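Residue-level structure breakdown
Here are the chains, one letter per residue:
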Amino acid sequence: MIINEVIEISDPAIKEFLSLKDKTLNLNEQIIVESEKVVKKLLNSNTEVLKVFAHREFIEKYSNILKEKGAPIYTASKEIMEQIVGHKLHHGVMVLAKRPQYISIDELEDKVLILNGLTSPENIGTIIRNSAAFNINSIIIDSKTCSPYARRCIRVSMGNIFKVKVYKSENLNNDLSSLKEKGFRIISTANQDGAIDLPNYQFSNKACVIIGSEGHGIEKSVLENSNDIIRIPIDDEVAHLNAACSSSIVLYQFSL
């Protein structure tokens, strides 16, 4: 295994890591993954690794799997790595990889989570982690939802984005109609009059659960296209829970 030593920050070999802003990458093709725990999940997935930039300790620890991946490996002194914008030294590793391909609608499993208009990377990352925790491994995002492969989403998900399959919907209502034809029951989550309390709801074997945006909830047309609307019974003065927090409660019940 060849380890390439970087001796100055201007080395073009590490240009992708000089600014870890997502706008410097084409998220249709490439992603940046950082921190040991997250990179470990990446390395154990089928995701193609393009380049590794890490401390020697990390390289030695994971030498076997890095050999298998066969990507170029670079290292540098702590002084060089400290100069990289946005890099926290204790992470010790950054990887450039190909973004996993979105799946087709026909590849979805029987239990599906749908994200409708979520824009917070922290919420999306946490929801994906929750989903993977309860083995809900098929996710649909609509065109208004932030990419789950954005740097912050990947990190907050703790790498669990590499466990799940993602379908990107360009027309959510059309896809919901198609899913109904395939035997899925469409379930929206909203704290509104007429919604069924979660403890009283029996999930179908084939179902999709929709989580709405942080500020506006689920779109009206999507609510109207749903078979059922469920709610988490909470104190009226609280009214609403954070999207990521509520997802953990609903997904636990969904997984049973």
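Just above, that's the structure.
So, a few notes on the structure that sits alongside this text. (Residues numbered from 1 in each chain as written. Predicted model: local features only at pLDDT ≥ 70, side-chain atom pairs only at ≥ 80, totals over all residues. Heavy atoms only, no water.)

This part is about the environment of Ala-13. Among the structural elements, Ala-13 can be located in the loop between β1 (3-6) and β2 (30-34). Residues Ala-13 and Phe-53, spaced 40 residues apart in sequence, show a C-alpha to C-alpha distance of 9.5 Å. (Helix = DSSP H or I, 4+ residues; strand = E, 2+ residues; numbered from the N terminus.)

Moving on, we come to the packing of aromatic side chains. Evaluation of the coordinates by the stated rule reveals six aromatic pairs. Considering the side-chain rings of Phe-134 and Tyr-252, the 5.8 Å spacing of their centres and the 65° angle between planes classify their relative orientation as edge-to-face. You can see Phe-134 sitting in the loop between α5 (121-133) and β7 (138-142) and its partner Tyr-252 sitting in helix α9 (residues 243-255), a full 118 residues away along the chain. A relative accessible area of 26% places Phe-134 in the partly exposed class. The class of Tyr-252 is partly exposed, set by a relative accessible area of 43%. An angle of 80° between the planes, with centres 5.0 Å apart, marks the rings of Tyr-201 and Phe-203 as edge-to-face. Judged by relative accessible area, which is 10%, Tyr-201 ranks as buried. Taking the ring centre of Phe-254 as reference, the NZ or CZ of Lys-111 above it sits at 5.6 Å. The side chain of Lys-206 reaches across the aromatic face of Phe-184, ending 4.6 Å from its centre. (Phe/Tyr/Trp six-rings, centres within 6.5 Å; stacked < 30°, edge-to-face > 60°. Buried < 20%, exposed > 50% of the residue type's maximum accessible area, 1.4 Å probe, protein only. Lys NZ or Arg CZ within 6 Å of the ring centre and 35° of its normal.)

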